[in-house]
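# Working through the structure, step by step
As a plain string of letters, each chain reads:
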Amino acid sequence: MKLETKILNILKEYYNSKIDRVEFIRQGGCVSYAVKSGNAELFLKVISNAFIKTAIQSIHIQEYLIKNNFPLPKIIYTNTDRAFLEIDNQLFVMYEFIKGAEPVLDENIEQIGKLVGRLHSLMNNYGNDLIKQEKHFFVDRYMNILKQKGYNDKHLCEYIEIGDNLWNSVKDLSYGFCHGDLHRGNLLKTAENKIYMLDFDTACFAPQLFDIAVMCDTTDYFNFGKNEFYHTTDIFNRFMNEYSKYNQIDFTINQFYDFIALRHFQLQATIVEIYGLNCIDKEFIDKQLKWIKQWQNQYM
């Protein structure tokens, strides 16, 4: 039986018998589908067994935020009033479909700063346990990957020293709720100028500066440029003018820059965990080390 047909039968049984189409959209940490019932459109995420624990945490967070009128796509509940299905070691979660586009950062950064400030403030009162992310998540996962790949000892030592110094710079920052993957691709702006937030699957308890750094980073991931350094700084200042009206955290500008460098360690490890050890090679690893060193030289 074709996979889409199997999914369609599950949705007809547990959600709405009038659902008539399931169309593949993309695959990453989960598989996404467009679901159609006549003229109505919905959005389905199918999450593999490896990510079920974090996905269930994400659903509980979304339910809390929706109850507090935070702009998220609404969860579509099953015909037995459940927020998700767990079938064949997979999690099925359905959402309303919202038509929109990724917001342009320069045009919307103040609105985004307000949105993230509201998010962090609301989640300070969440009360439930969150997965805590510390040095292993931000630094050591990637170092372990480089060791598995037999990466050059001299350059590996450089990576380890830089990673340790970066972590020592930010480790004592105040912890709180973090979205965990708060780039502009996880925002959706509608024609009515409302911005929705998406994808809470990597939500965690970590320094809240992590979210701010990811959102305000406008650099090219592979090629360092001074103009992008200054643009990132300008975006950060505009973002914080609104964010700080809703949530207060203490940090220095250099700690913000350090977190952008840490993002390269963290994101590269996540990419390898999803796509496998051979998705990066020595040239890629060398290029990232060069980028991080150039970035640090710019602000230090």
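Below, the structure is looked at part by part.

The rules behind the values
Residues numbered from 1 in each chain as written. Predicted model: local features only at pLDDT ≥ 70, side-chain atom pairs only at ≥ 80, totals over all residues. Heavy atoms only, no water. Phe/Tyr/Trp six-rings, centres within 6.5 Å; stacked < 30°, edge-to-face > 60°. Buried < 20%, exposed > 50% of the residue type's maximum accessible area, 1.4 Å probe, protein only. Helix = DSSP H or I, 4+ residues; strand = E, 2+ residues; numbered from the N terminus. Patch = residues over 30% accessible without salt bridge, like charges linked within 9 Å, V, L, I, M, F, W, Y side chains within 5 Å. Areas by Shrake-Rupley, 256 points an atom, 1.4 Å probe, with all protein chains shown as cover. Salt bridge = Lys/Arg side-chain N within 4 Å of Asp/Glu carboxyl O. Disulfide = S-S within 2.5 Å. Contact = heavy atoms within 4.5 Å. Polar contact = N/O pair within 3.5 Å; in protein donor to acceptor, adjacent residues only side chain to side chain. Expected span 1.5 Å × (residues − 1). Axes fitted to C-alpha atoms, helices over the stretch in contact; angles between N-to-C directions. Parallel < 35°, antiparallel > 145°, perpendicular 65-115°, else oblique. Nonpolar A, V, L, I, M, F, W, Y, C, P; charged D, E, K, R; others polar. Core = buried A, V, L, I, M, F, W, Y, C linked by side-chain atoms within 4.5 Å. Pairing = 2+ DSSP bridges.

### Details of the packing of aromatic side chains
How two aromatic rings sit relative to each other is given by the distance of their centres and the angle of their planes. As enumerated under the stated definition, the model contains 29 aromatic pairs in all. With 5.3 Å between their ring centres and 85° between their planes, Tyr221 and Phe222 make a pair best called edge-to-face. Look at Phe222 and you get partly exposed, because its relative accessible area is 37%. For the pair Trp291 and Trp295, a centre-to-centre distance of 5.3 Å together with 15° between the ring planes defines the contact as stacked. Taken as a pair, Trp291 and Trp295 lie in helix 9 (residues 282–299) at a separation of 4 residues, close to a single helical turn. An aromatic cluster is built from Phe224, Phe229, Tyr230, Phe236, Phe251, Phe256, Tyr257, Trp291, Trp295 and Tyr299, whose rings are joined through pairwise contacts.

### Thoughts on a nonpolar patch on the surface
A surface patch of nonpolar side chains, amounting to about 290 Å² of accessible area, comprises Phe51, Ile274 and Tyr275. For Phe51, the position within the fold is in the loop between strand 3 (40–47) and helix 2 (52–67).

### Quick look at the pattern of salt bridges
Applying the stated criterion across every chain, the model contains 16 salt bridges. Between Arg21 and Asp20 there is a salt bridge, with the nearest N and O atoms lying 3.5 Å from each other. Residue Asp20 is classed as partly exposed on the basis of its relative accessible area, which comes to 38%. Here Arg141 and Glu273 are joined by a salt bridge, their closest N and O atoms 2.9 Å apart. Here Arg141 is found in helix 4 (residues 135–148), whereas its partner Glu273 is found in helix 8 (residues 253–275), with 132 residues between them in sequence. Here the salt bridges do not stand alone but share partners, grouping Lys45, Asp199 and Asp201 into one network.

### Focus: the state of the cysteines
By definition, a disulfide links the sulfur atoms of two cysteines through a covalent bond. Counted according to the given criterion, the structure contains 0 disulfides. Cys30 takes part in no disulfide bond, and the closest cysteine sulfur, belonging to Cys204, lies 17 Å away.

### Remarks on the environment of Asp106
Within the element layout of this structure, Asp106 appears in helix 3 (residues 105–123). When the C-alpha atoms of Asp106 and Thr218 are compared, they prove to be 9.9 Å apart, with 112 residues separating the residues in sequence. Filtering out sequence-adjacent residues up to four positions away, Asp106 remains in contact with His231, Ile235 and Arg238. In this structure the side chain of Asp106 is engaged in a polar contact, spanning 2.8 Å, whose partner is the side chain of His231.

### Notes on helix 8
Compared with the 33 Å implied by 1.5 Å per residue over 23 residues, the 33 Å span of helix 8 between its first and last C-alpha is a close match. Positive phi appears at Gly276, one or two residues downstream of helix 8, with a value of about 100°.

### Re the environment of Val170
Inspection of the secondary structure assignment puts Val170 in helix 5 (residues 153–170). Those residues within four positions of Val170 in sequence are excluded, and the remaining contacts are Pro207, Gln255, Asp258, Phe259 and Leu262.

### Considerations on the packing of helix 4 against helix 5
Two elements in contact, helix 4 and helix 5, have axes whose closest approach is 10 Å; the angle formed by their N-to-C orientations is 175°. Accordingly, the angle class assigned to the pair helix 4 and helix 5 is roughly antiparallel. Between helix 4, through Lys135, Phe138, Val139, Tyr142, Met143, Leu146 and Lys147, and helix 5, the contact on the second element is made entirely by Leu156, Tyr159, Ile160, Gly163, Asp164 and Trp167. In the contact of helix 4 with helix 5, the residues fall into 9 nonpolar, 1 polar and 3 charged.

### Focus: the nonpolar core
In terms of nonpolar packing, the biggest core is built from 72 residues, with Leu65, Tyr142, Tyr159, Met197, Ile212 and Phe239 touching the most fellow members. By residue number, the principal contributor to this core is helix 8, which donates 9 residues. The contact partners of Tyr159, leaving out residues within four places of it in the chain, are Tyr142, Met143, Leu146, Tyr151, Phe265, Gln268, Ile285, Gln288, Leu289 and Ile292. Residues Leu11, Ile19, Val22 and Val35 belong to the second largest nonpolar core, which totals 17 residues.

### What about the packing of helix 8 against helix 9?
Remark: helix 8 packs on helix 9, axes separated minimally by 10 Å, with the N-to-C direction vectors making an angle of 175°. Taken together, the axes of helix 8 and helix 9 are roughly antiparallel relative to one another. Residue-level inspection shows Asn254, Tyr257, Asp258, Ile260, Ala261, His264, Phe265 and Gln268 of helix 8 in contact with helix 9, the latter providing Phe284, Gln288, Trp291, Ile292, Trp295 and Tyr299.

### Comments concerning the pairing of strand 6 (residues 90–96)
Across the 7 residues that make up strand 6, a large majority, 5, are buried. Here 6 bridges tie strand 3 to strand 6, and the two strands are oriented antiparallel to one another. From the neighbouring strand, Leu42 faces strand 6, where its bridge partner is Glu96. Alignment of strand 4 (residues 75–76) against strand 6, held across 2 bridges, turns out to be antiparallel. Residue pairing in the sheet places Ile76 in a bridge with Met94 of strand 6. Inspection of the sheet shows strand 5 (residues 85–87) paired to strand 6 by 3 bridges, in the antiparallel sense.

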